[in-house]
Every structure is written in structure tokens, then in C-alpha cells.
Amino acid sequence: MEAGGGGGEAGKNEEGMNTASLAPAAAPLPPRVAYELAARRHMTDAETLFAAGRLANAGQLYGFVAECGLKALLLACGIQPDADGDIPRKRPAPDKGKHPLREHMPLLMSNITADFQIVPDGVQANRYLALVPNRNDFHDWLVDHRYWRDTALPASVSLWRAGAREISTMLDQAQQDGVL
Amino acid sequence: MATIHFNDALRLAAISLENAVLPDEPKVRVIRDIYGRLRFALDCALADYPAPALAQLQQAQAALGCYATNSDVLSHDSFSDPEAVFGNTDWHRTLVELGADEDGNPLGSAEIQLLDRQITGQDWLRPPMEGGAAHPHRFVFFGLKGGVGRSTALCMAAWGLAQRGKKVLLIDFDLESPGLSGLVLPANKGADFGVVDWFLEDAVGQGGAVLPRMVSASPLAETTIGAIRVAAAMGVGEQNYLAKLSRAYADVPSASGPQRMGARMRNMVEQLEAQEKPDVVLIDSRAGLHDLAAVSITGLADTALLFATGGAQSWTGFRQLFLHWQHRPDVAKHVRERLVFVRALTPKTDREASVRGFQREAYALFAETLYDELPAEQTQESDLFHPGEKDESAPHFPILVDLDERFQEFDPMLRPEDGGARPAQIEGAFGQLIARLLSRMDGDAA
């Protein structure tokens, strides 16, 4: 049997049956998007693939480490998430255009630089972006690489790996600081 | 439950660590985040820590109210590079007073490993690494507030040292209140660039290019056998100082991680020393409990001259600074012997009583905070650092600088015939300061 909803209806299901003895009221589910967790998961798996010589998919994951890590930072610096916990699709009102930070690498990084005033706490964001000196590491990374043949991929995995490590170190710092 | 405030949180965390049943290794550490919230940290994988002990930690952490982020205990699983996190040099052995139990019996203090993540101020706890390159003695002139005659004393000390044949390098790090150069350099006779320029140019990779053009000779040393070289806050004809100042403190990204203000300041001082080869360096520090002062006092100074005028305002501030160090015994040991109080603006009326009062206060402050506690019984223990109240070379024993109207709104560059001070007058007011500097420098040579 399902547990009842929260609030005033706690302990009762839709038919008004008393379910309190069966299960505690379920807490509301956290938003599905959790960028810090995702970044760390991709990093662990990328390193596993890299160690096994599976460079093509390792490289793909390093790019997602960077994307998720940066988005975790951006949300911690005042970007208001949507209901899913993600960067919203649209810019804040009144503009309402496409949100420049809901992008993959490398466009995400260049949009952070070009459209930095969209980050509410720019001072804080800057402090952590200073931990990511090589903003260009992912210039030749594409999310579409996953469709490509191995021989067509750029030989840039070690650069992407270095970039992903910088982002991970930045997350470590933000985690210690209580910012994430 | 009573509201938990900042002061309670660390104490409560330390008490719960004392009371919990935990394995000996790894010792539980504490990370305090930039908001002051606490989390326990384990230098191991979470799965390798006994579950019952972990449950106690989670419970204790949750009990910290608003000073806990959540009940998650940090471990190797929380970080991509746990070795770097747990090996960070900002971890400090930290003493926490536990307060008293319900019956009012004092609980003493506990020692924890604390990583204090702060927005600013980290540099108060970053003494220079042992075994750095040899450098000329660096004196930092510091006051909690302006207007205590610190810059004038610095100029006169520079003159006194030049008079004795020394090549003196002055560096103005009082960037928010730049004025030292006005005392030692005639208008329009300064260098092209100032300290503030170096910070900007260094950030874009060309600090080395401005270095040779940011130091100029002060005419103050014209009549001496030594020299006074000045690195002023700004270059001559500066028009954009505020635009530069507002960028000077940025962290600069580099391949080896961000270069922070403290490291950059040290870098500049070392490069200036290499270029100028001075016998002694006098640094005008920003006043107050500010990051720039922290770097100067903790990270640069061989001797930090603490200017105070007595009175509550001085003692309250210095007391807080000393307590900050006292709670980190390893840092305190490093810093305390570099400190010297300067009794600034010593009044002429009631002089002796005022000086005695200052000496007493200064000694009491050191004895309570930074000197080692003396055992109740007199022993032969010799490695305790606790100089006697009358020990004239001790950190607490103040250098006296007299209140002398002649040196108020005073232009040190005026020759005596134009109304400037005569050498004998300078020696009279600042002789004790100059002598103490020379004796500290001799201490290096010995």
C-alpha cells in the first residue's frame, strides 16, 4: 500500500483509511536534477573508463563532469532553478529569451564568460571560477561525439581529463566552504 | 532547545566528540564553512567507518541547529581529491574551551583539528614556511587605526637606519589609505608605477616589466650615508587609482591553482628585494584587522611593530587578534616572538604613570594569550616562552615614541633650516625605535 501524502493529510490515504501504522508519511521527493552528485558520478565513471582504455566514452563523460560541475556552481551562486532543480529554459523576466546557461560544453563556458552578469552572485562565482584557469580545455569537445566513429574524435582526452579534474577540485573547495 | 549561536556551535561539537564512543583512528575532524556551519570530516571512506560511530556523529551534527548544514558527515566520498582536502595546510590544531557542566564545574578545553573556511582573514593563520630563502629583515608597521603616528615613525626610522649606513626599502601596502609616498617623496618625483600597478600587471602576466619602474630614491636620505628606496602605493601622475584598487585583490588563476593575495604580496616583496638588495625592509601595513595586514604581519614580518596608544580601543582589538592565534597553538608559537608593541604618542604629562600602565597592560595581554602558561611551582623547565615583565627585549616590552607636536602634520623632507626637524630632535623622539630595530637586525646576524 502507498504511504499517504504530507501535510494535514498525513497518516491517511485518499480513501481516508488510516495508514499511520503501516508506513510513515513520505517526505516530498527532492528535485531530480542534482548537478554536484552527477558531476562526481560522471568523474568516477570517466576515470574507470579511462583506466580501462575506453577513451571515447571517458572523454564524453569528462565533458559532462565540466557541465554538471559548472551548473552546480551557478545554481549555488543564485541562479533560480526550475521545478526540476535545473537551470530554467528561459531567461528571467522581462527578457524571457533562451537561457544562455542551459547549454553543454563548450558553449556553457563561453556563455558564462560572455553573459556573466546573469549570475546573481558574481563575486562568489568568480572566486570559484578562479580555480578553473583553463577555460578553453573543452573547446573541441562536442556532445555529438557520442554519435561519431572513434577515428573521427579529436585526440584531446587528456586535456578534457585535466579540465574535469580542475572542475572537481573547484567542487571540493565549494563543498568545504558550504557553498554547494 | 536553546538557540545555538556561532560561539556555541564549535563548543557543542567538541563536547559531543568528547562524549561519543568513537574509534581512535581516524580522528574526527571538523570543517567550519564560510557561514560558520560545522560538519564532521573523516579521513577515510565512509564505508570503512563503523556504523554506530557514524550514527553518533550524524546525530551530534544535526543537533547543531542552524550551525549544521545537514547530518551528512564528510569523508573521502565527499571529494574528488580527498588527499588534497585532508592534507591542506589550513588545518589547524585548535583549542576549544568547553565551558562548564550543569553543576558549574569547568570542563577544560579540548583539542580538535579544524579547517576554518573563511571569506577573508585566512592569512592571519598562515605563517611563512620554514626554510624559505634568506631575506633582509622585514619590519611591518601596523596599527589598529590610523592617526597614531605610524607612517611618521616609519619615515623617521628609515632616516635613522640610513643615517647608520643602511640601504632601506620602504613598501607602502596601505593601499586604501595611500600616503607614505607623500612623506618621503616630493610630488612628481616618484616612480612611474606603484604597488597597485604591480598587482594589476602581474595578473595579466607582466609584473616583472613594471618592477624596475616602481621604486624611486627618497631625498630624505640625501644627507645620510645610506639610502632610502620607496615602492609607493601609486605611480606619479596617477589618474585611475580607484579603478585599479578595486581590482588589485583578485585571485589570479594559474596552472598551479589560483594565486591568492597573500602569495602575490609575498611574491612582490621577494622580487623587490632581489632587485633592490636592501639591508632592511620597512613595510607600511594597512591599519585594522584586514587581510592585507594579516599577510604583512603573519606572512611577511620578521618583526611586526604593533602601534598602540593604550586605552580600550587598542587593547580590545589586539586582544581579539591574540586570542585568534592563541587558539591555534602551532601558529601562536610561530608568531609571538616576532611581535613588538610600540607605545605611540606617549604623552609628556604623567609620562611615567602612563608608560607603566601601558607596560602592565601589554604584559598582561601577552601573559594571558600568547606566552606559555607558567607552572604553579617554579621548575627548571626552560623551553617555555614567558619572558619576565621587566625583560626589555620581550614582545610585550613597549618601544616608546613620544608625542611631539613637531612631528604632527610634519614634513620629513624639510631641511632643518626650512623648519624641518634636526637630527637630534629625531633621535630624541624616535631613537628608542631606531635602536630596537637595529638590535632586532643584529639578532639575525648573530
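A brief structural summary. Sequence positions are assigned chain by chain, starting from 1 and proceeding in written order. Labels are handed out in written order, letters beginning with A for the chains and numbers beginning with 1 for the ligands. Per-residue local features are limited, in this predicted model, to residues with pLDDT of at least 70; the limit for side-chain atom pairs, both in listing and counting, is 80 or more; totals at the level of whole chains, interfaces and linings are taken over all residues.

### A short note on the overall build of chain A
- Secondary structure elements follow DSSP: runs of H or I of four or more residues count as helices, runs of E of two or more count as strands, with numbering from the N terminus. When helices and strands are tallied, chain A shows five helices and zero strands.
- The N-to-C order of helical and strand elements in chain A reads α-α-α-α-α.
- For the exposure call, what matters is how many other C-beta atoms sit within 10 Å of a residue's own: 20 or more marks it buried, 12 or fewer exposed, and in between partly exposed, using C-beta atoms placed from the backbone. A total of 180 residues make up chain A; the buried ones form 33% of that total.
- Put simply, 59% of the contacts in chain A that link residues at least 6 apart link residues at least 24 apart. Contact definition: two residues whose C-beta atoms, as placed from backbone geometry, lie within 7 Å.

### Observations regarding helix H2 (residues 55-76) of chain A
Residues and elements named next belong to chain A.
- In this scheme, a helix's expected span is set at 1.5 Å multiplied by one less than its residue total. Under the 1.5 Å per step criterion, the end-to-end length of H2 is 31 Å for 22 residues, consistent within 8% with the ideal 32 Å.
- Where burial is concerned, most of H2 is hidden: 18 out of the 22 residues are buried.
- Taken from the residues just after H2, glycine 78 is the one with a positive phi, measuring 100 degrees.

### Overview of the pairing of strand S9 (residues 280-284) of chain B
Residues and elements named next belong to chain B.
- For S9, the buried fraction is high: five of the five residues fall into the buried class.
- Two strands make a pair as long as DSSP finds a minimum of two bridges between them. Judged from the five bridges that link them, strand S5 (residues 137-143) and S9 form a sheet pairing that is parallel. Along S9, the bridge assignment pairs valine 140 with isoleucine 283.
- Where strand S6 (residues 167-172) and S9 come together, five bridges link them in parallel fashion. Across the sheet, residue leucine 170 finds its bridge partner in S9, namely leucine 282.

### Description of the interface of chain A and chain B
- With 15 residues of chain A at the contact, the number on the chain B side is 20 residues.
- Counting residues per element, the side of chain A that touches chain B draws most heavily on helix H5 (residues 157-177) of chain A, at seven residues.
- For this scheme, ten residues count as nonpolar: Ala, Val, Leu, Ile, Met, Phe, Trp, Tyr, Cys and Pro. Four count as charged, namely Asp, Glu, Lys and Arg, and the remainder, Gly too, count as polar. Here the side of chain A that touches chain B is composed, by residue class, of six nonpolar, five polar and four charged.

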